[in-house]
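Spelled out from the first residue to the last, the chains are:
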There are 2 protein chains.
Amino acid sequence: MITVHGYAAHDAHSPLVPFTFERREPGPHDVQIDILYSGICHSDLHQARDHWSNALYPMVPGHEIVGRVVKVGAHVTKLKVGDFAGVGCMVDSCRACEACRDDLEQYCAEGATWTYNARERGSDQLTFGGYSDQIVVEERFVVKIPASLDLKAVAPLLCAGITTYSPLRHWQVGPGQKVGVIGLGGLGHMGIKFAKAMGAHVVMITTSPDKGRDASRLGADEVLISRDVDAMAAHAQSFDFLLNTIPVAHDLNPYMALLRRDRTMALVGVLTEIEPPLTGTSLIFGRKSVAGSAIGGMAETQEMIDFCAEHGIVSDVEIVPIQAVNEAYERLLKNDVKYRFVIDMASLRTAVA
Amino acid sequence: MITVHGYAAHDAHSPLVPFTFERREPGPHDVQIDILYSGICHSDLHQARDHWSNALYPMVPGHEIVGRVVKVGAHVTKLKVGDFAGVGCMVDSCRACEACRDDLEQYCAEGATWTYNARERGSDQLTFGGYSDQIVVEERFVVKIPASLDLKAVAPLLCAGITTYSPLRHWQVGPGQKVGVIGLGGLGHMGIKFAKAMGAHVVMITTSPDKGRDASRLGADEVLISRDVDAMAAHAQSFDFLLNTIPVAHDLNPYMALLRRDRTMALVGVLTEIEPPLTGTSLIFGRKSVAGSAIGGMAETQEMIDFCAEHGIVSDVEIVPIQAVNEAYERLLKNDVKYRFVIDMASLRTAVA
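On a predicted model such as this, the values are computed, not experimentally measured, just so you know.

Quick notes on the rules
Residues numbered from 1 in each chain as written. Chains lettered and ligands numbered in written order. Predicted model: local features only at pLDDT ≥ 70, side-chain atom pairs only at ≥ 80, totals over all residues. Heavy atoms only, no water. Helix = DSSP H or I, 4+ residues; strand = E, 2+ residues; numbered from the N terminus. Rg over C-alpha atoms; globule rule 2.2 N^0.38 Å. Buried < 20%, exposed > 50% of the residue type's maximum accessible area, 1.4 Å probe, protein only. Contact = heavy atoms within 4.5 Å. Areas by Shrake-Rupley, 256 points an atom, 1.4 Å probe, with all protein chains shown as cover. Lys, Arg positive; Asp, Glu negative; His and termini not counted. Charge placed at Lys NZ, Arg CZ, Asp CG, Glu CD. Buried area = accessible area lost by both parts, 1.4 Å probe. Salt bridge = Lys/Arg side-chain N within 4 Å of Asp/Glu carboxyl O. Domains from an automatic or database assignment. Least-squares fit on C-alpha atoms with pLDDT ≥ 70 in both. Core = buried A, V, L, I, M, F, W, Y, C linked by side-chain atoms within 4.5 Å. Phe/Tyr/Trp six-rings, centres within 6.5 Å; stacked < 30°, edge-to-face > 60°. Lys NZ or Arg CZ within 6 Å of the ring centre and 35° of its normal. Axes fitted to C-alpha atoms, helices over the stretch in contact; angles between N-to-C directions. Parallel < 35°, antiparallel > 145°, perpendicular 65-115°, else oblique. Nonpolar A, V, L, I, M, F, W, Y, C, P; charged D, E, K, R; others polar. Pairing = 2+ DSSP bridges. Right-handed = clockwise from strand over helix to strand, strands pointing away. UniProt positions renumbered as here; feature names shortened; annotations may be inferred. Expected span 1.5 Å × (residues − 1).

(A) Broad picture of the overall build of chain A. Per the secondary structure count, chain A includes 13 helices and 17 strands. Here the C-alpha radius of gyration of chain A, 20 Å, is about what a compact globule of 353 residues would show, namely 20 Å. The C-alpha extent of chain A, read off along each of the three principal axes, is 60 × 40 × 35 Å. Out of the 353 residues belonging to chain A, those deemed buried represent 60%. Nonlocal contacts in chain A, meaning residues at least 24 apart in sequence, comprise 68% of its contacts between residues at least 6 apart. In the structure as shown, chain A presents an accessible area of about 13,100 Å², 51% of it carried by carbon and sulfur atoms. Separation between the mean location of the 32 positive side-chain charges and that of the 42 negative ones in chain A comes to 4 Å.

(B) How the structure looks around the interface of chain B and chain A. With 37 residues of chain B in contact, the opposing surface of chain A contributes 37 residues. Both sides of the chain B and chain A interface together cover about 3,100 Å² of buried area, and 60% of this is carbon and sulfur. When the area that chain B buries against chain A is broken down by residue, the three leading residues are Arg261(B), Ile284(B) and Arg287(B), summing to 24%. At the junction of chain B with chain A, the criterion picks out 4 salt bridges.

(C) Seen up close, the domain arrangement of chain A. Residue and element names in this part refer to chain A. The domain architecture assigned to chain A consists of domain 1 (2-159 + 316-352) and domain 2 (161-292). Put simply, the middle of domain 1 and the middle of domain 2, counted by C-alpha atoms, are 29 Å apart. Each partner contributes residues to the interface: domain 1 has 9 residues there, and domain 2 has 15 residues. Regarding the contact of domain 1 and domain 2, the summed buried area is about 1,000 Å², with carbon and sulfur atoms giving 50% of it. It is Leu157, Asp316 and Tyr339 that lose the most area in domain 1 upon contact with domain 2, and together they represent 57% of the buried surface on that side. Our count for the domain 1 to domain 2 interface comes out at 3 salt bridges. Across the salt bridge formed by lysine 338 and aspartate 214, the nearest N and O atoms sit 3.8 Å from each other.

(D) Just the relation of the copies chain B and chain A, in detail. Superposing chain B onto chain A takes a rotation of 180 degrees combined with a translation of 0.0 Å along the rotation axis, leaving an RMSD of 0.0 Å. Here the symmetry operator amounts to a two-fold rotation axis. Most of the interface of chain B is mirrored in chain A: 100% of its interface residues are interface residues there too.

(E) Layout of the nonpolar core. Ile40(B), Tyr131(B), Val154(B), Leu168(B) and Phe194(B) are the most contacted members of the largest nonpolar core, which has 98 residues in total. Domain assignment of the residues forming this core places at least three in each of domain 1 (2-159 + 296-352) and domain 2 (161-292) of chain B. With 96 residues, the next largest nonpolar core counts Ile35(A), Tyr165(A), Ile192(A) and Ala266(A) among its residues.

(F) Focus on the packing of aromatic side chains. Overall, the coordinates contain 14 aromatic pairs over all chains when judged by the stated rule. Aromatic pair Phe19(B) and Phe21(B): ring centres 5.5 Å apart, planes at 20 degrees, arrangement stacked. Of the two residues, Phe19(B) and Phe21(B), neither departs from the other in class, the shared state being buried. An aromatic cluster is defined as three or more aromatic residues linked by ring pairs; in this entry it consists of Phe19(A), Phe21(A) and Phe128(A). A cation over a ring is seen here: Lys178(A) above Phe239(A), with NZ or CZ 4.6 Å from the ring centre.

(G) Spatial organisation of the pattern of salt bridges. Residues and elements named next belong to chain A. Applying the stated criterion across every chain, the model contains 54 salt bridges over all chains. Between arginine 331 and glutamate 318 there is a salt bridge whose closest N-O contact spans 2.7 Å. With a gap of 13 residues between them, arginine 331 in helix 12 (residues 325-333) and glutamate 318 in strand 16 (residues 317-321) connect regions that are remote in the sequence. Among the charged side chains, a salt-bridge network with shared partners connects Lys193, Asp214, Arg217, Asp316 and Lys338.

(H) Just the packing of helix 4 (residues 160-170) of chain B against helix 11 (residues 298-311) of chain B, in detail. Residues and elements named next belong to chain B. Between helix 4 and helix 11, whose axes approach to 10 Å, the crossing angle comes to 95 degrees. If you check the angle between helix 4 and helix 11, you find them roughly perpendicular. Side by side, helix 4 and helix 11 meet where Gly161, Ile162, Tyr165, Ser166 and Arg169 of the first sit next to Glu300, Thr301, Glu303, Met304 and Phe307 of the second. Of the residues contributing to the contact of helix 4 with helix 11, the split by class is 4 nonpolar, 3 polar and 3 charged.

(I) Structural context of the pairing of strand 16 of chain A. Residues and elements named next belong to chain A. Note that strand 16 and strand 17 (residues 340-344) share 5 bridges and pair parallel. Residue pairing across strands places isoleucine 319 opposite valine 342, the latter belonging to strand 17. What joins strand 16 to strand 17 is helix 12, and the crossover it makes is right-handed.

(J) Representation of the side chain of Asp44(A). Residues and elements named next belong to chain A. Structurally, aspartate 44 is set in helix 1 (residues 42-48). Buried within the structure, aspartate 44 lacks any salt-bridge partner; arginine 340 is the closest side chain of opposite charge, at an N-O distance of 7.2 Å. Apart from residues lying up to four places away in sequence, aspartate 44 is in contact with Gly39, Pro61, Gly62, His63, Tyr116, Tyr131 and Tyr329.

(K) Main features of the UniProt feature "domain: Enoyl reductase (ER)" (unreviewed entry) in chain A. As recorded in UniProt, the sites labelled "domain: Enoyl reductase (ER)" (unreviewed entry) are residues 11-343 of chain A. Along residues 11-343 of chain A the backbone is 25% helical and 26% strand, and the end-to-end C-alpha distance reaches 21 Å.

(L) Expanded view of helix 5 (residues 186-197) of chain B. Residue and element names in this part refer to chain B. Between its first and last C-alpha atoms helix 5 spans 17 Å; for 12 residues at 1.5 Å apiece the expected length is 16 Å, and the two agree. Burial within helix 5 is extensive, with 10 of its 12 residues counted as buried. Listed in full, the buried residues belonging to helix 5 are Gly186, Leu187, Gly188, His189, Met190, Gly191, Ile192, Lys193, Phe194 and Ala195. Looking one or two residues past helix 5, glycine 199 carries a phi angle of roughly 100 degrees, positive in sign.

(M) Focus on unusual backbone geometry. With omega at -5 degrees, the peptide bond leading from Glu275(A) into Pro276(A) counts as cis. Residue Asp262(A) is not a glycine yet carries a positive backbone phi of 65 degrees. Its location among the elements puts Asp262(A) in strand 14 (residues 259-267). Since its relative accessible area comes to 26%, Asp262(A) is described here as partly exposed. Backbone geometry places Ser53(B), a non-glycine residue, at a positive phi of 55 degrees. By secondary structure assignment, the location of Ser53(B) is in the loop between helix 1 (42-48) and strand 4 (65-72).

Put into structure tokens, the structure is as follows:
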């Protein structure tokens, strides 16, 4: 076994604290990664604090993982020692169902094995995430990171990146289209960068005029303030696609009115009940759709990383030491980050040494 | 002007009563139709009683109209005197917007002109519907009815028929697919007939075991009782398309669980707020969509009529005299009809004579 140092939550109410645990030695298809950076996703906070009533403790969060390969199993072909590698939200799946065969492991019929707050397949062993110095993952669930990218700003691509890239690809966003990205946070800022790089005319849609100031820097062609009724009316029935990244319940109806006939709004953030309620007429008049999308499969995650390398895309990040993770969670609750915290795992090694 | 006899509502609380009014003489592009049959759509009741707070009185309901052409304008090419003709929910639209140019007049950017409870374009003149003995409509909004079809059972095709045919076509229902039709009423019974004729494996999904008895006669291959939790679980993630014809607010989440990945449930009946609320996870896990669909364009309405002629499809109807329309409304409120009331307009002529 490998001894691993990290930070863990032990219950819903206490801060994360240093935690030492063990991981398996790499098997023939496994990759062992020295973790360099680990992004802080809002869902880390939700799970560490058991907001979703499914917490398994001790919990080592983190599913936006970038590091260097230090060991590979005998049958590993995708990566070699010294490569930079990434791990996202999943570390396993059934590999036999239709979704897995279609490279959409996130929709595995048996349920994918999440990187943390889950149990390894066919075992009671908890999975432990990226707030740690080492991880061992089967190569199917590891992506290769080109050395040309700024590694610390790559970490959020593994969740925030693929969560926005995948629906933009699935609904075939491209040149000649007007695309709205609703909500500006970890997901939204990536959605803007991707939609722009795919060639669309990109409108950042936000409740906050303050956030609009970042719009053009991030790549947006226009800003639409959703609380401005006249502005919303001026954009009525003009969008080819809406990527809705808002992570809390909100009124979808005003956004549906922005869509052209036969177009779709994809939800990637709101996991809760949709309130106030959607009305049937928002869908029926104009034959519109509300859809959802979850992260992306491993093949598409690699495609997204390669797309980022090609277009020079990374996340906007603020680097924090692991010792500041609890403070970062508090700031996250106030949306006080542009646009993603990333833990520099060197801070853990220094402390351990 | 043409003097027309019909039945009208004069306020939200009184029964429909005999009403005489005038229609324009047919212009060069108009068709004048002697109305033979007029279906009773549930929306007739809603509008006559002002349930949607948009009633314009006096109101002559009826948008499932079948009759015989008695006069045509000089430029009419589609129909000639003596033909059987149908008129549905619309009698006009802007004809210039993208939707109209795409033969989807129901999504006209300016709003289509509805057959009743509306005003004629550019005029204060109210439109009057099919509970009457004559109607004059521009030929674009008239379909030709093959004489081979049972005319009295054709009337409901003009609304209930096209409302179900159009989404089944749009979402490309066909052989090899498992399709669910949710709700068994005027719309649902047509959805079953169409989906079967298109070659799908059709499952009638209903809350009521009683209604299931009609399933095989209507063409369903299976019946699924939506209140049977075990049966619903057995069908989880197995449907390629769901046509939801339920006309009142209801919980969509159990139906979303029936869909396969990347599939759609189309709403055609529920115009209200969707309560209890849809949850984001019902869409996100499996990349599923909820969509809406409204009737169909005029070209597709003609296609639907021709499809019915080819496949011998008509509605299951109960014929009533116009004098029984108020009683029919009361029975409609109790779902006491299999599956559509149709008014035999000869009853009006007898009374007038």
